[in-house]
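Working through the structure, step by step
Below are the chains, spelled out letter by letter.
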Amino acid sequence: MHLSICILPLLLRTLVFADGVEYDKNGYVIYCPCMGRFGNQVDHFLGSLSFARKLNRTLVVPPWITHKYGRYDGDSFPPYNHWFKVDTLKSYHRIIEMEDFMTNLAPSIWPPNKRKIYCHEIAFSRSDDKKSCPAKSGNPFGAFWDNFKVEFIASEGFPGNLNYHSPKTSWDHAYPSET
Ligand SMILES: *[C@@H]1O[C@H](CO)[C@@H](O)[C@H](O)[C@H]1NC(C)=O
């Protein structure tokens, strides 16, 4: 399975912004549950939750994606809390819903000029130029990120030795959080 994961580097040292918004200096994991219908999305979500917990970074919990014959609009992305309890999730690991993250944190800690996408190099073969992550090619990939007005300025393949079973130290070494 192909996962598009972004590990966000952080730029600022303090934990609290002037406007009182707190953020996790360990970093964040953000992804698109772009492969398949509900069952696959749950699978994707559980894997990402376990990955974020292992890395001890906050998981940005995306909305679910509902498919209406391949058409997507604002109603196609019900937030996690539409069907599940967020507080229960928070008792397990630090999370923030993507709507909240994009509105309140992204403008400061993930501004448009920092939006890089990461993927397995195997996924490069699906992109037009064969050397970038096909993060927005096709649906729901394009529709999902467009819904949050996200454009990626660059993409990067994971180092060959890294995979989801790699220890936290290997991920931290490849993608340290910028503090
Ligand atoms: C995980 O991160 C939190 C928040 O920075 C920190 O309080 C905690 O000690 C970390 N846990 C481990 C096992 O490093």
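Reading the values: the criteria
The numbering scheme is per chain: residues are counted from 1 as the chain's sequence reads. For this predicted model, a pLDDT threshold of at least 70 governs which residues receive local features, and a threshold of 80 or more governs which side-chain atom pairs are given and counted, while totals over whole chains, interfaces and linings are taken from all residues. Excluding hydrogens and water, the side-chain values take into account all heavy atoms of the structure. UniProt positions are given in the numbering used here, feature names are shortened, and annotations may be inferred rather than shown by experiment. Among buried residues, those of type Ala, Val, Leu, Ile, Met, Phe, Trp, Tyr and Cys that are joined through side-chain atoms within 4.5 Å constitute a nonpolar core. Classification of residues uses two cut-offs on accessible area relative to the type maximum, computed with a 1.4 Å probe and protein chains only: under 20% is buried, over 50% is exposed, and between them is partly exposed. Here a strand is any run of E in DSSP of at least two residues, a helix any run of H or I of at least four, and the numbering for each starts at the N terminus. Cysteine sulfur pairs qualify as disulfides if the two atoms are within 2.5 Å.

With an unreviewed UniProt entry as reference, the chain is termed GDP-fucose protein O-fucosyltransferase 1, source organism Ciona savignyi. Per UniProt, the chain carries the Pathway (unreviewed entry) text "Protein modification; protein glycosylation."

**As for the nonpolar core**
For soluble globular proteins, the rule of thumb is that nonpolar side chains tend to be buried together. Core analysis: the biggest nonpolar cluster contains 29 residues, and Y28, M98, F101, M102, W110, F144 and W145 have the highest contact counts within it. When contributions to this core are tallied by element, the ones reaching two or more residues are β2 (28–31), α3 (98–109), β5 (116–119) and α4 (141–147). The element best represented in this core is α3, accounting for six residues. Grouped together as the second largest cluster of nonpolar side chains are 19 residues, L49, L89, I95 and F158 included.

**Topic: the state of the cysteines**
Applying the stated criterion across every chain yields a total of two disulfides. Disulfide pairing places C32 opposite C34 at an S-S distance of 1.7 Å. A torsion of 75° about the S-S bond marks the disulfide between C32 and C34 as right-handed. When sorted by exposure, C32 lands in the same class as C34, which is buried. Between the sulfur atoms of C119 and its disulfide partner C133 the distance amounts to 2.2 Å. Between C119 and C133 the disulfide shows an S-S torsion of about -95°. By sign, it is left-handed. Of the two residues, C119 sits in strand β5 while C133 sits in the loop between β5 and α4, which places them 14 residues apart along the sequence.

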